[in-house]
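What follows is each chain in one-letter form.
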Amino acid sequence: MSDLKLYNYFRSSTSYRVRIALHYKNLNFEYKPIHLLNNGGEQNSTEYRHINPIGGVPTLIHNQYVISQSFAIIEYLDEAFPNTPQLINGSVYDRAKIRQLCENINADIHPLQNLKVMQYLEKQHQYDQQQKNSWCQKWIVDGLRATEKLIESLAVAHNEQYKMQSNMQTNEKLNTDIQYCYGTKITAADLFLIPQMVSAERFLVDIKQFKTLYQIYQNCLTMSAFQKAHPFCQVDTPDDLKKII
């Protein structure tokens, strides 16, 4: 039995982030499904609230330690398993910019489209599905547009810095294709972006309008860790949604 247990829900984008991290780091873990809708939401059960008083997912248990909130879990995995690929690394500045990209999604997009907000809009304001989609589209599009601009500006800065350090002539051309959110390696920022792109499609946002983000999305989905973590191929994914990514 694994020393790591992850309480999560197949469709939860925050759970998706942590699943990617675990697979990317090649860490074995026990998958503990928590259905957010069945029986009033299994996250509201007395048993689960004992583990996580706020009732959210995901929750990671590592031996005797219990950690919730996806960002905290990802940072914990970096520090608890230092010999695995690090997701928040580089200089002090690099780590700050990676966290900034994560927070663009974690703080400014995701909270406005999560289940609690959707249920509130439905119960208190009688929003139908079309109105809920419209609400989500507004905040997702605004947030992804800003995130794309930030990623592109960081790529330009990286290229200029590389030119200076390598003494390249000003007329020499660099490969300006952006592979991932920050630099040429996977970082935590990619773990936040890809689930948000999947959520955007769920709420009928045309993600192809974000050309840079869409390219990053396609690049990441060729990788095993992102495929294994995808919401449509988990043990608790409903049969009508299951498919091989």
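Residues numbered from 1 in each chain as written. Predicted model: local features only at pLDDT ≥ 70, side-chain atom pairs only at ≥ 80, totals over all residues. Heavy atoms only, no water.

**Q** Summarise the state of the cysteines; cite the residues concerned and give the values.
**A** According to the stated counting rule, one finds 0 disulfides in the structure shown. Just so you know, Cys181 is unpaired, no disulfide at all, and the nearest cysteine sulfur is the one on Cys220, 6.7 Å from it. A relative accessible area of 0% places Cys220 in the buried class. (Disulfide = S-S within 2.5 Å. Buried < 20%, exposed > 50% of the residue type's maximum accessible area, 1.4 Å probe, protein only.)

**Q** Could you give an account of the environment of Gln179, with specific residues and numbers?
**A** Turning to its location among the elements, Gln179 is positioned in the loop between α6 (129–166) and α7 (188–202). Remark: the alpha-carbon pair of Gln179 and Ile216, spanning 37 residues in sequence, is separated by 5.6 Å. Those residues in contact with Gln179 that sit more than four places away from it in its chain are Thr184, Ile216 and Asn219. (Helix = DSSP H or I, 4+ residues; strand = E, 2+ residues; numbered from the N terminus. Contact = heavy atoms within 4.5 Å.)

**Q** Describe the pattern of salt bridges, with residues and values.
**A** Scanning the model with the defined rule gives 6 salt bridges in all. A salt bridge links Lys132 to Glu122; the shortest N-O distance between them is 3.0 Å. With Lys132 in helix α6 and Glu122 in helix α5 (residues 115–125), this pair connects stretches of sequence that are 10 residues apart. Lys132 gets classed as buried once you look at its relative accessible area, which sits at 10%. Glu122 sits in the partly exposed class, given a relative accessible area of 41%. Lys138 is paired through a salt bridge with Asp142; the nearest N and O atoms lie 2.8 Å apart. You can see Lys138 and its partner Asp142 sitting in helix α6, 4 residues apart, about one turn around the helix. With relative accessibility at 44%, the residue Lys138 sits in the partly exposed group. Bridged by salt links that share partners, the residues Lys138, Asp142 and Arg145 form one connected network. (Salt bridge = Lys/Arg side-chain N within 4 Å of Asp/Glu carboxyl O.)

**Q** Any details on the layout of surface pockets? Residues and values, ideally.
**A** Approximately 1,200 Å³ is the volume found for the largest pocket. Looking at the largest pocket, it is lined by 48 residues, and the ones nearest its centre are Leu36, His110, Asn114, Leu115 and Lys116. Secondary-structure elements contributing two or more residues to the lining of the largest pocket are α1 (13–24), α3 (70–80), α5, α6 and α7. Per-element accounting of the lining of the largest pocket gives the leading share, 6 residues, to α5. Considering only residue class, the lining of the largest pocket consists of 19 nonpolar, 21 polar and 8 charged. (1 Å grid on protein atoms, 1.4 Å probe; cavity = no way out; pocket = protein on both sides within 12 Å on 5 of 7 lines; lining within 4 Å. Points joined across faces, edges and corners; volume = space filled by probe spheres on them. Nonpolar A, V, L, I, M, F, W, Y, C, P; charged D, E, K, R; others polar.)

**Q** Provide a residue-level description of the nonpolar core, including the pertinent values.
**A** If you look at the biggest cluster of nonpolar residues, it comprises 67 residues, and the most contacted ones within it are Leu144 and Leu193. The contact partners of Leu193, leaving out residues within four places of it in the chain, are Ile105, Leu144, Cys181, Leu213 and Ile216. (Core = buried A, V, L, I, M, F, W, Y, C linked by side-chain atoms within 4.5 Å.)

**Q** Help me get a handle on the environment of Gln234, residues and values and all.
**A** Within the secondary structure, Gln234 is located in the segment after α9 (224–229). By relative accessible area, which is 6% here, Gln234 ends up buried. Distance from Gln234 to Pro33, taken between C-alpha atoms, is 9.3 Å for residues 201 residues apart in sequence. Excluding its chain neighbours within four sequence positions, the residues that come into contact with Gln234 are Phe10, Arg19, Tyr31, Lys228, Ala229 and Lys242. At 2.8 Å, the side chain of Gln234 forms a polar contact with the backbone oxygen of Lys228. Among the polar contacts listed, one links the side chain of Gln234 to the backbone oxygen of Ala229, at a separation of 3.2 Å. (Polar contact = N/O pair within 3.5 Å; in protein donor to acceptor, adjacent residues only side chain to side chain.)

These results come straight from atomic positions and should not be treated as a statement about function.
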